[in-house]
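Single-letter residue listing:
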Amino acid sequence: MEIKHQDISIQLMLEATPIALVLINEEEKIIYINSFAENLFFYKKIELKGQALEALLPDIHRVKPPEFWKNYFINPTAFRLGADDDLTAVTKTGRIFPVEVRMNPIDTGEMMYILVAITDISERIKSNEQFRLIVESALNAMILTDSTGKIAMINKQTEVLFGYERNELVGQKIEILVPHRMRQHHPEHRKNFYAHPKARPMGAGRDLYGVRKDGTEIPVEIGLNPIQKDGEQYVLASVIDITERKKSEEAIKKYTRQIEEKNKELEEFTNVASHDLREPLNSIISLTELLMHSKSDQLDEEGKKMLDYISKSSTRMSEMIIGLLEYARMGKSKELTRVNLDELVKTVLIDLESSINSSNSKIYVDTLPEIMAYAMEMRLLFQNLISNAIKYRNPDIAPEIAVSARQVKKGWEFVVTDNGIGIPENQKENIFNLFHRLHARNKYEGTGIGLAHCRKIAELHNGKIWVESEIGKGSSFYFFIPLLLQ
Ligand code: ADP
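A. Here's a closer look at the overall build of the chain. Per the secondary structure count, the chain includes 16 helices and 19 strands. What you see for the chain is a C-alpha radius of gyration of 45 Å, clearly larger than the 23 Å of a compact globule of 486 residues, by over 25%. A total of 486 residues make up the chain; the buried ones form 38% of that total. Of all intrachain contacts in the chain linking residues separated by at least 6 positions in sequence, the fraction that spans at least 24 positions is 55%. Looking at the chain as shown, the accessible area adds up to about 29,300 Å², and 54% of this sits on carbon and sulfur atoms. Positive and negative side-chain charges of the chain, numbering 63 and 70 respectively, have mean locations separated by a distance of 1 Å.

B. Looking closely at the environment of Asp 207. Structurally, Asp 207 is set in the loop between strand 9 (200-201) and strand 10 (208-211). C-alpha of Asp 207 to C-alpha of Val 220: the two residues are 13 residues apart in sequence and 7.9 Å apart in space. When near neighbours in sequence (up to four residues on either side) are disregarded, Asp 207 contacts Met 182 and Lys 246. Within polar-contact distance, the side chain of Asp 207 engages the side chain of Lys 246 at 3.3 Å.

C. Structural context of the packing of aromatic side chains. One pass over the full model with this rule turns up 15 aromatic pairs. Centroid distance Phe 41 to Phe 97: 5.9 Å. Interplanar angle 40°. Geometry classified as tilted. On the criterion of sequence distance, the pair formed by Phe 41 in helix 2 (residues 35-41) and Phe 97 in strand 5 (residues 96-107) is long-range, its members being 56 residues apart. The burial state of Phe 41 is the same as that of Phe 97; both residues are buried.

D. Main features of the site of the ligand. Taken together, 21 residues lie near the ligand, and Asn 388, Tyr 392, Asp 418, Arg 437 and Leu 451 sit nearest. One of the backbone N or O atoms of Thr 447 is found 3.0 Å from an oxygen atom in the ligand. Backbone polar atom of Gly 448 to an oxygen atom of the ligand: 2.9 Å apart, as the coordinates give it. Summarising the interface, the protein chains cover 98% of the accessible area of the ligand, which totals 530 Å² for the free molecule. Elements represented by at least two residues in the shell around the ligand include exactly helix 15 (375-391), helix 16 (450-460) and strand 19 (474-482).

E. Looking closely at the packing of helix 12 (residues 301-329) against helix 16. Relative orientation of the contacting elements helix 12 and helix 16 amounts to 5°, with a least axis distance of 10 Å. By the angle between their axes, helix 12 is roughly parallel relative to helix 16. For the pair helix 12 and helix 16, contact is made by Gly 323, Glu 326, Tyr 327 and Ala 328 and by Ala 452, His 453 and Lys 456, respectively. The residue inventory of the contact of helix 12 with helix 16, partitioned by class, reads three nonpolar, two polar and two charged.

F. Looking closely at the side chain of Asp 146. Note on placement: Asp 146 falls in strand 7 (residues 141-146). Although Asp 146 is buried, it makes no salt bridge; Lys 150 carries the closest opposite charge, 4.9 Å away. For Asp 146, the contacting residues outside a window of four places in its chain are Tyr 194, Gln 233 and Tyr 234.

G. Here's a closer look at the sheet that holds strand 17 (residues 411-417). Pairing is mixed across the open sheet formed by five strands, whose spatial order is 14-16-17-19-18. Both outer strands of the open sheet, strand 14 (362-365) and strand 18 (464-470), are each paired with one neighbouring strand and no more. The mean inter-strand angle of the sheet, taken between neighbouring strand axes irrespective of direction, is 15°. Pairing geometry for strand 16 (residues 400-408) and strand 17, over seven bridges, is antiparallel. The residue of strand 17 that forms the bridge with Ala 402 is Thr 417.

H. Looking closely at the environment of Lys 443. Looking at where Lys 443 falls in the secondary structure, it is placed in the loop between strand 17 and helix 16. Judged by relative accessible area, Lys 443 falls into the exposed class, the value being 61%. Each C-alpha atom of the pair Lys 443 and Tyr 392 lies 9.9 Å from the other, and the pair is 51 residues apart in sequence.

I. Quick peek at the nonpolar core. Counting residues in each nonpolar core, the largest one holds 37 residues, and the members touching the most others are Leu 341, Met 378, Phe 382, Leu 385, Ile 386, Phe 414 and Phe 479. The set of elements that each furnish at least two residues to this core consists of helix 13 (341-351), strand 15 (370-373), helix 15, strand 16, strand 17, helix 16, strand 18 and strand 19. When residues of this core are assigned to their parent elements, the largest contribution, seven residues, is made by helix 15. Setting aside chain neighbours within four positions, we find Phe 382 in contact with Leu 341, Leu 344, Val 345, Val 348, Val 403, Phe 414 and Phe 479. Counting 30 residues, the second largest nonpolar core, distinct from the first, contains Ala 20, Leu 56, Met 103 and Ile 114.

J. Fine view of helix 10 (residues 186-195). Of all the residues in helix 10, the buried ones are His 186, Arg 190, Phe 193 and Tyr 194. Mapping the buried residues of helix 10 onto a view down its axis gives an arc of 95°, with all of them on the same face. Projecting away from the buried face of helix 10 at angles above 90 degrees are the exposed residues Glu 188, Lys 191 and Ala 195. Contacts from the buried residues of helix 10 go to strand 7, helix 9 (180-183), strand 9, strand 11 (217-229) and strand 12 (232-241).

Definitions and limits used
Residues numbered from 1 in each chain as written. Predicted model: local features only at pLDDT ≥ 70, side-chain atom pairs only at ≥ 80, totals over all residues. Heavy atoms only, no water. Helix = DSSP H or I, 4+ residues; strand = E, 2+ residues; numbered from the N terminus. Rg over C-alpha atoms; globule rule 2.2 N^0.38 Å. Buried < 20%, exposed > 50% of the residue type's maximum accessible area, 1.4 Å probe, protein only. Contact = heavy atoms within 4.5 Å. Areas by Shrake-Rupley, 256 points an atom, 1.4 Å probe, with all protein chains shown as cover. Lys, Arg positive; Asp, Glu negative; His and termini not counted. Charge placed at Lys NZ, Arg CZ, Asp CG, Glu CD. Polar contact = N/O pair within 3.5 Å; in protein donor to acceptor, adjacent residues only side chain to side chain. Phe/Tyr/Trp six-rings, centres within 6.5 Å; stacked < 30°, edge-to-face > 60°. Near = heavy atom within 4 Å. Axes fitted to C-alpha atoms, helices over the stretch in contact; angles between N-to-C directions. Parallel < 35°, antiparallel > 145°, perpendicular 65-115°, else oblique. Nonpolar A, V, L, I, M, F, W, Y, C, P; charged D, E, K, R; others polar. Salt bridge = Lys/Arg side-chain N within 4 Å of Asp/Glu carboxyl O. Pairing = 2+ DSSP bridges. Core = buried A, V, L, I, M, F, W, Y, C linked by side-chain atoms within 4.5 Å. Arc of directions from axis to C-beta.

Structure, rendered in structure tokens:
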């Protein structure tokens, strides 16, 4: 037989193809295998010539019975037997492995052949199995869908979350899990995703819901990941049930609303109460003064003492009411500004000059930073702490007070230290409570509002205040102010 150039080059091409190729005739007998097939099956060409295809694909008749082949040649078309057909191949040495087979009919005009392309898919099956295990072991519901939106795989968590059995979902459109009211637009969203596939959360800014088999809806968060598998494009969706998170968000919102309402009520109450209380109190104060000036000659010593007591008590009560009102109003409609604390403390010391001088106090102020803060409140904070440090001094030692600051993680920590009388261990928290005092008024003047103010100011800045102290040795009042943005 004359060998043409064309035949040689086709033969060379078949030999060089990195796919196992087997040519069979109408009787399903092998007439040729290429080198790749020789290597895959450990047969020499000559050994297989004339053998049935079953020598290589022992279950081929299970998948496609002999009757199929009889009819096949009447109208042959290309077809594929894939992993789903569970088709295996066997080598001369007896190794059995899973394969994918493509049948391509070749009509020479005189004869009919089929070119059988056999691919070893054991690696693919192994990696598919690994993929399946990873998906199965995920803590979230994982759903794999193909490019038409058909569910190809789900894990156990999906069954738990949506209340379906696995076989009820696989093969269905993903829309089965989308609530009716959102179903209509879903295929469009799906197509858009496939047009630009990249890992991203689904429905940015929208509240997403899934629907369970029993029809109940669940709020969910969904992450989408495009995946190439077996040469096809899939999407792996990871679904998280956020019912609990939603519930706690709602609860927080509810409590915040309740607190806001309570605060408002309290503020109104404080305003009304202090206004109503101050009026009769002012009358008492003015009448007492009037009595003291115009009628004092009609009173004996005891009476004058009583009047003096009434006057002092009512003035004190008035101060307390004003303090209370200031406390309630503190931080209302204030603006954060850049505050130079060096400057601010200087002005505080000027205001306190007379008590500093009369007490012989020495005050050391370190370099203080410029921070974002509420200026007026900051001033009040330093003023209260420094004036307390002077007020609660040791009777036998001249007061020495140090003010300093150090930068800490996420903010500044300030400290006002004195060598005063100190604070008992069990009072270190209480002293910051409103009207809480540790001494009789005749020993130290005061209303018990100053430190309550200080705590409120620190908290207004999202910071905190605390004290370290030793009786008879002195106290250090610390406060932390976080870095605040305007
Ligand atoms: P007031 O000074 O008007 O009593 P404060 O709220 O400023 O009210 O202080 C509460 C209490 O804490 C004071 O009565 C005092 O007993 C105690 N205290 C505050 N500062 C100091 C200090 N530097 N040293 C010792 N005790 C202090």
